[in-house]
Structure formats: structure tokens, C-alpha cells
Amino acid sequence: MYRYVILLFILLQGRCILAAEGQRLNLAGRWGVQLDPKDLGLTKGWANKAFEQSIQLPGTTDDAGLGIANTLAPALTKPQLSHLTRKNRYVGVAWYTREVSIPTGWAGKEMILRLERILWESTLWVDGVAIPQKQRSLVSAHEFDLGSFLKAGKKHRLTIRIDNRKKLAISVDDMAHAYTDHTQIMWNGIIGSMYIVALDRIHINSLATFPMLKEKRVCLRIKLLNKAQKSTQTTLKVRARLRGNKMYLPTIEKQVILAPGDSTIQLSYDLGAQIRTWNEFLPNLYEVEVVCHSNIGSNAVHATFGMRDLTKEGTVMKINGQPLFLRGTLECSIFPLTGHPPMDKAGWQKVFLTAREWGLNHLRFHSWCPPEAAFAVADELGFYLQVELPIWENNVGKDDAVLAFLYEEADRMIRQYGNHPSFCFWSMGNELSGDFTALNALVKHIKSKDKRHLYTATSFTFQQGHGIVGEAFDDFLITQWTAKGWVRGQGVFNSEPPVFNKNYSASLDGVAIPVVTHEIGQYAIYPNLEEIKKYTGVLKPLNFIAVAEDLNRKGLLHKAKAYTRSSGKLAAILYKEELERALKTPGVSGYQLLDLHDFPGQGTALVGLLDAFWDSKRVLSAAEFRQFCAPVVPLLQFSKAVYTNDEIFKGIVDISNYGSIALPEQLIEWSIKADSKTVAQGQFRATIKKAYNANVGHFEVPLGAIRAAKKLSVHIRLRGTVYENHWDIWVYPKENQIDFADVNYTRNLDEAFQLLQAGKKVLLNPDWKKITGIEGKFVPVFWSPVHFPKQAGTMGLLCDPKHPLFAYFPTEEHTNWQWWDLQLKSTTMLMDQIKGGEPIVEMIDNFANNRKLATLFEGAVAQGKLMIASFDLATDLDNRPVAKQMLHAILTYMNSPKFAPKTIENPEGLRGVLQYKETQEKAAPGAIY
């Protein structure tokens, strides 16, 4: 039944990928399975018998359709909106069994059972005898030493008890991604490789590689095990080569006398004068082989490593002595077909290649550690990974059992993954709070054992007095704010008028280490209902289905695509400014997006420009995204988004260059375009060093030639390269006059009704601060309207740019920067009860409510024609060019024959829409928490 071969096998021991020359018995295939939900154990003799049910391993009970079948129907309530729904859910004890035949040639060998990736806890029986080696880990393989229990040439029954119930308090509301149903599920099973390996009684147990870049050598820490019960002379031979080369560098040899038990040998291996370094541009990998030979036998261990040196100099992060800027996003174990991470390289190539296509060089694994295959692909592609212990907890350090578990998991991570050059950054967990003395001690301990990574105590914290300048042993700080202010757009873009010549330098005053901005973005996009058909695996999208059914009931399903497209465009605009503002800030060494792709849990947080499958939503292309997310990014400082034509546009050019080379005497071209026609252009040369280059040049363009309201685009291009970028601005004629002509303006509904009865045209513009409705906001829903219900909850506007009104107020169908003033000074009207009429500016409601919303609405009432604007068109128009232009556009349209609105069938319903309210207060950015 089994094939017996001698081969190189992948053994994740030591701080590396180990390929030990040994003998492996693959255990993948059909196993008997028995669920034990009450943890009663099985009947007498169970551990030495087959089970009636079977399952394919590697695999999970979800794959096999075992557990409690889902009975929930789609609904816009929890738990359906909390996350994707498991078709079959099982959390408890499960038993797995099969017979194995041990090859006759394994006599006298050590035998290790290795099971890659189990949730929480495993226990093993051999022929009904319990093996006293209970395993508990969320980050590494579960291993059992079976040398005393298995006999060569014999058949044995293995029975594995796996308990995936929560064992320790590692997570707030079970949200840590190592163990959760929000992203990966709380699966039961074994998802990675599973085999028994036979080793000689003297063998290499682990191999750690420590690159010494300046010395052009690698230090090797070799741990050996001698079970021969006597001291034995052993020869170690070491050779290495650059991956892809056939020839090895010279072999070095060392004779040692190994005493019984464990021994550690340290060797230094010279890589020669012409070493190749590892980074995102040239991810050169070395392969080292260590052969252990004694009179008992031989075994070889292979490790892969990269020559790279991560450092910090003040507030600058560096790799191999060059400035480093992290362009990152989170990976939260989101794999909706299987409910668990892929364990092969092919699955991770989709993730990393897509991230690279979108300009990224960094992934943060939020509150979990990925499997070996992820590191291997990241090594090959030159990705910088941040890995975290499996914890997201508010009482860290206060539970001795949890703290001991974290120390153990850290040792396992060092042992199994530490050699990978892609393993660059290590955070203890997500948004930790509790005992920071204990947390800092943990950082100090890990750092003393392994200096190959840069460390931080936590990926942000809400705890007062922490997370604002860095902890005692931090190499870098991950935060969303400091004591001096925000360092992400959540606290800026809705609170401050749009300007493009600001950065976060004021907030970083007093911070002496590199800063990575925490989970920037989180701009929600309306669900893409076409995604429903993709869910063909173990999870069902009841959340998406519920939204589709609700839209259908309300007659809005035909607008779903436009809602996704328009809210997505707004999110993309905000992500662009998020990234560029971080790039413009000295002291910021990177950003971590939340997220480039969707997060299907925590209330359905659809914040990605890609969906949960890493496929584009086609909001914008990867090439467009790379304009502002790339190793080299042209940047532009300018004072505002909206101008009048008596002003001068002034632009200052910056270049963010974290590419592979400096750009001496680079030709930089600029241009301004209107309706795709160039209205101004120029060029200059500048030397672009490797770092952030501020004010490399500037230009000024008078706007007097723009005689009608226009959207212009400003372009910067580095000649002879692929790097270019652009920004939108709006120019309105200063000379526009407000002419009401036949239009009657009022702020009072009763007066409006009287005028309409008299057959008049009426512009009703109630005081936005004193009507009921939803708070007017420029930014969309933050993260999720279900997870954070204390927010206005709209997702940007939707309009038809071809509507005749917009001939005088240029706009796309979605929100852009020129709308900021109008949306902040507005109240969104709830129009569900109104029959007839038509919104000109519709606000997209969040998917949990799907109400009909508007800020500009037209309709015929009695003999008259009505326009309702719930944004401010009355105050300080001389200093509010957008409001003045909008009023001009409304009046021009209303005074034209094109103003022929549909009849409002129940105009009295407007009294419910425009009820009086004492005042509207704007929520602070942090009020959602």
C-alpha cells in the first residue's frame, strides 16, 4: 500500500527549510474518522479499530461535510452579516485512524511522525497505547517521536485525537486570525504534509543560518542528536552555492566527538568576494548543505537563506544599507474556498504575484504565522513579511498560561521559519494591551535569541500611554496616531479640507524610530454581488445573498453594479491620498493597507479593490494603482483641489525613490490636460537619490484660459521610465453670477408648497443643520457598518454625469475631491417613503440598510416644479466656489426647458423627510470605537 523510497524530504526543523536525506512514509490518503462532540472518548478497544466513516487527509471535516449543517437563511442580521457561513461546522474532538506498514529497512532507526498544521491540540495512540507527547501549537507542525513504539516490518494502527476547541485566551471575541471563523475557519483536521520519517541514531536535528553581510559569510548553528548511548566521532562537511548555480563553493570539514544527547556546533562559511544580496529587486538565494557522517550512518541537511541585513538608522529603515519603504497590505488567512491557508506554493503564488502586480513589496500576517509554503514563495519573489504570534488580546501578560504558550510558539517560529530571508519583521500580535512589562520582556527574550529580524511589541495599541513613541525594545513603531496627531487618513480626510501639500511630520515629532502606519484605509465598498457564484467551497456567502435579496425586494437590484463601482472609485481616490501622504512623510518607513483585498468577516468588511479571492473588482487597474504604489512614485504638492480661473496653479514636485538605483539628471515632464487636450506643459532635470526627494522642481500655470467649469488633470512623468502619476483639479469661472430668474428660493417647506401650488419653480434648500437625516460625510463607511455601527454609514454618491445639470458642474458618477465641501455641509435625506420624483445626487447607503438616499432631488408637485438640495447653498458663497458653482448649475438647469421632473405622487411625505431637528453634530473620527 505504501511506497518505500530514500529521498530528500522537506523537514521544517531548525530555522530553515531542512531537506534531510532519510526515508519517508507518506500518510496522505483515506483515514477513518469519528466525531466526539461531547469529548466522551470512544468505547473500549476503540484505539485499535477502524471507524465506519472515512475522510481524506490532508483535509478538514468541513471538506468532508461533517459536523452541524447550516440552517441559517440569508438575512441582514447577525450572525449572517458577521462573516461567511460554514456549510458544516464542527468544533470539538475528532478521532482519525489508519493502519501503516513500517518498512523492514527501518530497523534501528529513529522514527518521527510529523503532522503539518493542526488547530490547537493533538494526541496520538499506537496500537491502542497512548503516546505521552501531547502537542499544542497554532504555528508549527505537531511532531511525535515514535522510535520506541514502531517496529520495522510490522503493521501498526495510528489513532490521532484532534481537539480544535479554544484552549487559551488568545483573542478578543475569537478574532485573532490564527483561530477564528471570521476569515479562516475553526477547522478540524490536518491540512499540510503528514508522514513518518526515519533517521539514523546520530543525525542533524536543526540548522540555523545567520548571514553576516559585511563579512561575506554565513554563520551556521548546527544542532545534532546522538542516541547511540556513547560518544562518537562525527565528521561535518559543509558546502554552499547560489541557487541556480551547478557548482558549489569549496567544502569545509570539521571533526567532532559527539557525546550522547544534544550537541550544538557553530561553523562559519565564507561565501567569497562576490556575494549576491537578497532584496525585493534581486531575491538571490543561497543553498547550504551540511552532511553528518559517523560509523552509524550519514545524513544531510539542506537550508535556503538570503544574504540580507535589516537595520534602522534613526527613523529610517534600511536593507543592505539602502533605505527601505514598505508598501504593504494585510493577509488575515482569507481563503474562502477552503477556509484555511494553502499549504502548497501554487496557492501562495496567486497571493504574492497579485500583490506584486499591484505594486506591493510587503505583507503583514495579522495575528497569525503562515505556513512554510508562504515563506518559500516570498523568498523567491523578494517579499518582506511581518509575522505575528497568534494573539489579539486586551489582557496580554496577565495570564501565565497564555504567556508561556507565546514563548513556546515564538521558539517554534524561530526553529521552523527563522532562516527565511522574507521573514523580516516580527510583531508580538495585533493591537495588544495589558501588561507591557511582560510584553516587553517577551520581545527582549526573542530578540536575544534571533537578531535576524526587526521587532515591535505590538501592531498598534489602544492602551493609554503606549503605542505613541515605541516600546523599550522596539526597532520600529506601528501606529495610527501619536500623542501629536493622526498618521492615517481616518482622522484627516473627513475633518480637514482636501489639501495635497501636507504630511504627517507634525504627528511624528518626538518619535525616534521608523514608523509604519497601521491598517490605513478601511474604506468600505458596496458588495459585488457577482461574486456570489465564486463561493463553491466550504463557505456560503449568506451575507452577500441577503444583500441581493434585500435590494430585489426594494427594487434596487439593478443599481447594485453602480453602487459597487461608484463606492469603489471613492475608495480608490482615498487610498491614493493615503499612500501618497505616507510617502511624503520623512520618518514613515512604510504603510500596511487594510486592505488591498476584501475581509469577509467582522461584519463583512469589504474594503478591498480586490475581492477575497485576490481578483480585481475592476474599480481601477493594477497599472493605475502602481502610479502611486511602486518603488518609484512621482508626487505633487499643491494647496487644494478646487480653483477659480483668476488663480494660479502652483505645483511642487517630489519623487519617492525606493527603487534599485538612483536617477541622476532625470528628465521630469509635467503637463496639465483638459478633455484629454494638453493646456500647459514643461520639463526639468533633477538628480533623484534613493530616498524621499522633496521639492525637486516646481511649476506655475495661470488658469485664466479656462472659461467654463472644467476638471483638469495634472501629470508628472519620469522620462525613459515606467513611472508616472496624475491628479485631478477643478476650475470654475470666477465671473459666474447667481441668477435665480424664474426660480423661487426658499428654506421652508410650507412656503415651498404654497409656491408649487401656484405653479412656480422652487429651489428648496433647508438648513442642513436642522433637518432629520444622516450626517453628511465625504468618506464612506469605515471598515463595516455592522462591526462599527456608530457612524453615518453612507458610501459615497451616485449620479449620472450626463444629466443636463452637470454640464455646468463637471463630475464623474462617484464622489471626488470637489464634493468635499458640499458633502460635509449637508444632511442626507431618507427618501424611502417618497413615491415618484428622482434623485439627481443619490447617496449610496450601506449594505446593512439599503435605504433610498439623496442630497439633491427633483420632482413635480401640483402645478409646480421642485428641486430639493440638502447641502448648504446659502452661506459664504464668495469663499465656497464649489457651492457657488453648484448653485449656478442648479439654477441654469431649472431655468432651462430640460427641467421637466417626474411627478411626486405623495408630496406630503416630504414633511417626514424634512422634519425639524435642533442641530446636527459632526462625529469625531475616533467616535466609532
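Everything below is about the structure shown above.
Throughout this description, residue numbers start from 1 for each chain and increase along the sequence as written. Reporting of local features is limited, given that this is a predicted model, to residues whose pLDDT is at least 70; pairs of side-chain atoms are given and counted only at 80 or more, and all residues count toward the totals for whole chains, interfaces and linings. Working from all heavy atoms in the structure, the side-chain values ignore hydrogens and water.

Student: Please provide a residue-by-residue account of the overall build of the protein chain, values included.
Tutor: What counts as a helix is a DSSP run of H or I of at least four residues, what counts as a strand is a run of E of at least two, and both are numbered from the N terminus. The secondary structure content of the protein chain amounts to eleven helices and 53 strands. In terms of overall size, the protein chain behaves like a compact globule, its C-alpha atoms giving a radius of gyration of 32 Å where 929 residues would be expected to give roughly 30 Å. Viewed in the frame of its principal axes, the protein chain has a C-alpha envelope of about 110 × 70 × 45 Å. Burial statistics for the protein chain: of 929 residues in total, 62% are counted as buried. The contact definition used throughout considers only heavy atoms, calling two residues in contact when any of these lie within 4.5 Å. Intrachain contacts of the protein chain at a sequence separation of at least 6 include 73% that bridge at least 24 residues. Accessible areas in this description were obtained via Shrake-Rupley with a 1.4 Å probe; residue shielding takes into account the shown protein chains only. For the protein chain, the accessible surface area stands at approximately 34200 Å², while carbon and sulfur atoms represent 50% of it. For the protein chain, the separation between the mean place of its 107 positive charges and that of its 93 negative charges on side chains is 4 Å. The reference for a compact globule is 2.2 Å times residues^0.38; the radius of gyration itself is calculated from the C-alpha atoms. Each residue's exposure class comes from its accessible area (1.4 Å probe, protein chains only) as a fraction of the maximum for that residue type: buried when under 20%, exposed when over 50%, partly exposed otherwise. Charge counting follows a simple rule: Lys and Arg are positive, Asp and Glu are negative, and His as well as the terminal groups are ignored. All charge positions are set by atom: Lys at NZ, Arg at CZ, Asp at CG, Glu at CD.

Student: Go over the sheet that holds strand E19 (residues 232-242) with me, naming the residues and quoting the values.
Tutor: Spatial ordering of the open sheet is given by E20-E19-E22-E23, a layout of four strands whose pairing is antiparallel. Only two strands of the sheet have a single partner each, and these edge strands are strand E20 (252-258) and strand E23 (297-305). Averaged over all pairs of adjacent strands, the angle between their axes in this sheet comes to 20 degrees, without regard to strand direction. When DSSP finds two or more bridges between two strands, those strands count as paired. The pairing of E19 with strand E22 (residues 286-294) spans eight bridges and is classified as antiparallel. Within the sheet, the bridge partner assigned to leucine 242 lies in E22 and is tyrosine 286. Inter-axis angles, ranging from 0 to 180 degrees, are taken between N-to-C directions of lines fitted to C-alpha atoms, where helices are fitted over the stretch in contact.

Student: Pulling in residues and values, what's your account of the packing of aromatic side chains?
Tutor: Here is the rule: rings of Phe, Tyr and Trp (six-membered ring for Trp) pair when centre to centre is within 6.5 Å. Planes less than 30 degrees apart are stacked, more than 60 are edge-to-face, and the remainder are tilted. Summed over all chains, the structure comprises 45 aromatic pairs. Summarising the aromatic geometry, the rings of tryptophan 120 and tyrosine 179 are spaced 5.7 Å apart at their centres and angled 75 degrees between planes, so their arrangement reads as edge-to-face. Within this pair, whereas tryptophan 120 is found in the loop between strand E10 (110-115) and strand E11 (121-126), its partner tyrosine 179 is found in the loop between strand E14 (155-163) and strand E15 (189-190), the two being separated by 59 residues in sequence. On the accessibility criterion, tryptophan 120 (0% relative accessible area) is buried. On the basis of relative accessible area, tyrosine 179 is assigned to the buried category, the value being 2%. Centroid distance tryptophan 278 to tyrosine 384: 5.8 Å. Interplanar angle 80 degrees. Geometry classified as edge-to-face. Remark: tyrosine 384 occurs in strand E29 (residues 384-388) and tryptophan 278 occurs in the loop between strand E21 (261-270) and E22; sequence separation between them is 106 residues.

Student: Give me the environment of leucine 755: which residues, what numbers.
Tutor: Looking at the secondary structure, you find leucine 755 in helix H8 (residues 749-757). Owing to a relative accessible area of 18%, leucine 755 belongs among the buried residues under this scheme. Remark: the alpha-carbon pair of leucine 755 and tyrosine 745, spanning ten residues in sequence, is separated by 9.9 Å. Leucine 755 has contacts with Asn744, Lys760 and Val762, leaving out every residue within four places of it along the chain.

Student: Got a sec to walk through the sheet that holds strand E44 (residues 710-718)? Specific residues and values, please.
Tutor: An order of E39-E45-E44-E41-E42 is seen for the five strands of this open sheet, with the pairing classed as mixed. Two strands lie at the open edges of the sheet, namely strand E39 (642-644) and strand E42 (677-688), each paired on one side alone. Across the sheet, the axes of successive neighbouring strands diverge by a mean angle of 25 degrees, strand direction being ignored. In the sheet, strand E41 (residues 663-674) pairs with E44 via seven bridges, with the strands oriented antiparallel. Bridge pairing in E44 places tryptophan 670 opposite isoleucine 716.

Student: Give a description of unusual backbone geometry that names residues and reports values.
Tutor: Put simply, leucine 57 and proline 58 share a cis peptide bond, and its omega is 0 degrees. Counting through the fold element by element, proline 58 comes out in the loop between strand E4 (53-57) and strand E5 (59-60). Of note, the bond from lysine 78 into proline 79 is cis; its omega dihedral lies within 30 degrees of zero at 5 degrees. Assignment of secondary structure puts proline 79 in the loop between strand E6 (68-69) and strand E7 (85-86). The backbone phi angle of serine 367 is positive, close to 55 degrees, even though this residue is not glycine. Note on placement: serine 367 falls in the loop between strand E28 (362-365) and helix H2 (372-381). For serine 367, a relative accessible area of 0% puts it in the buried group.

Student: Pulling in residues and values, what's your account of the side chain of histidine 362?
Tutor: Position of histidine 362 among the secondary structure elements: in strand E28. Among the polar contacts made by the side chain of histidine 362, one reaches the side chain of glutamine 592 at a distance of 3.1 Å. Beyond its immediate sequence surroundings of up to four residues, histidine 362 is in contact with Leu326, Arg327, Gly328, Thr329, Phe383, Tyr384, Leu385, Gln386, Phe425, Tyr591 and Gln592. N or O atoms within 3.5 Å of each other form a polar contact, as long as, within protein, one can give a hydrogen and the other can take it, and as long as residues adjacent in sequence are counted only when both atoms are side-chain atoms.

Student: Which residues make up the pairing of strand E50 (residues 827-830), and what values go with them?
Tutor: Across two bridges, the pairing between strand E48 (residues 774-775) and E50 is antiparallel. The residue bridging glutamate 775 from the neighbouring strand is threonine 827, located in E50. As judged from the two bridges shared by E50 and strand E52 (residues 853-861), these two strands associate in the antiparallel manner. Directly across from methionine 829, in E52, lies its bridge partner alanine 854.

Student: Outline the packing of helix H1 (residues 345-357) against H2, supporting the account with residue identities and numerical values.
Tutor: The interhelical angle for the contact between H1 and H2, taken along N-to-C directions, is 45 degrees, at an axis separation of 9 Å. As judged from the angle between their axes, H1 and H2 are oblique. When you trace H1 past H2, the crossing you get is right-handed. Seen from H1, the contacting residues are Lys345, Trp348, Gln349, Phe352, Leu353 and Arg356; seen from H2, they are Ala373, Ala374, Ala376, Val377, Ala378, Glu380 and Leu381. Amino acids outside the nonpolar list (Ala, Val, Leu, Ile, Met, Phe, Trp, Tyr, Cys, Pro) and the charged list (Asp, Glu, Lys, Arg) are all regarded as polar, and Gly is one of them. Taken together, the residues that form the contact of H1 with H2 break down as nine nonpolar, one polar and three charged. Each angle is binned into one of four classes, with values under 35 degrees roughly parallel, values over 145 roughly antiparallel, values of 65 to 115 roughly perpendicular, and all other values oblique. By definition, turning the near helix anticlockwise from the far helix through less than a right angle yields a left-handed crossing, and turning it clockwise yields a right-handed one.

Student: Let's hear about helix H3 (residues 400-417): which residues, and what values?
Tutor: Every helix has an expected span of 1.5 Å times one less than the residues it contains. A rise of 1.5 Å per residue sets the reference length of H3, with its 18 residues, at 26 Å; its end C-alpha atoms lie 25 Å apart and thus fit the reference within 8%. Where H3 begins, the capping side chain belongs to aspartate 399, and its oxygen is found 2.9 Å from the backbone nitrogen of alanine 401.

Student: Got a sec to walk through the pairing of E29? Specific residues and values, please.
Tutor: Counting buried positions along E29 yields five of five residues, so the element is predominantly enclosed. The alternating pattern of E29 places Tyr384, Gln386 and Glu388 and Leu385 and Val387 on opposite faces, both of which are buried. The crossover handedness rule: strands pointing away from the viewer, path from first strand over the helix to second strand clockwise, crossover right-handed. Where the polypeptide runs from E28 across H2 and back to E29, its parallel neighbour, the crossover connection is right-handed. Here E29 pairs with strand E30 (residues 423-427) via four bridges, running parallel. If you follow glutamine 386 over to E30, its bridge partner there is phenylalanine 425. For the crossover that starts at E29, traverses H3 and ends in the parallel E30, the hand is right-handed.

Student: Tell me about the pattern of salt bridges, and please be specific about residues and values.
Tutor: Salt bridge, as used here: a side-chain nitrogen of Lys or Arg that lies within 4 Å of a carboxyl oxygen of Asp or Glu. Following the criterion strictly, the structure yields 60 salt bridges and no others. A salt bridge links aspartate 181 to arginine 86; its shortest N-O distance comes to 3.2 Å. One end of the pair, aspartate 181, is in the loop between E14 and E15; the other, arginine 86, is in strand E7, with 95 residues separating them in the sequence. Take aspartate 181 and arginine 86: they sit in the same class, and that class is buried. The partner of glutamate 908 in a salt bridge is arginine 911, and the shortest N-O contact between them spans 2.8 Å.

On their own, these measurements won't tell you what the molecule is for.
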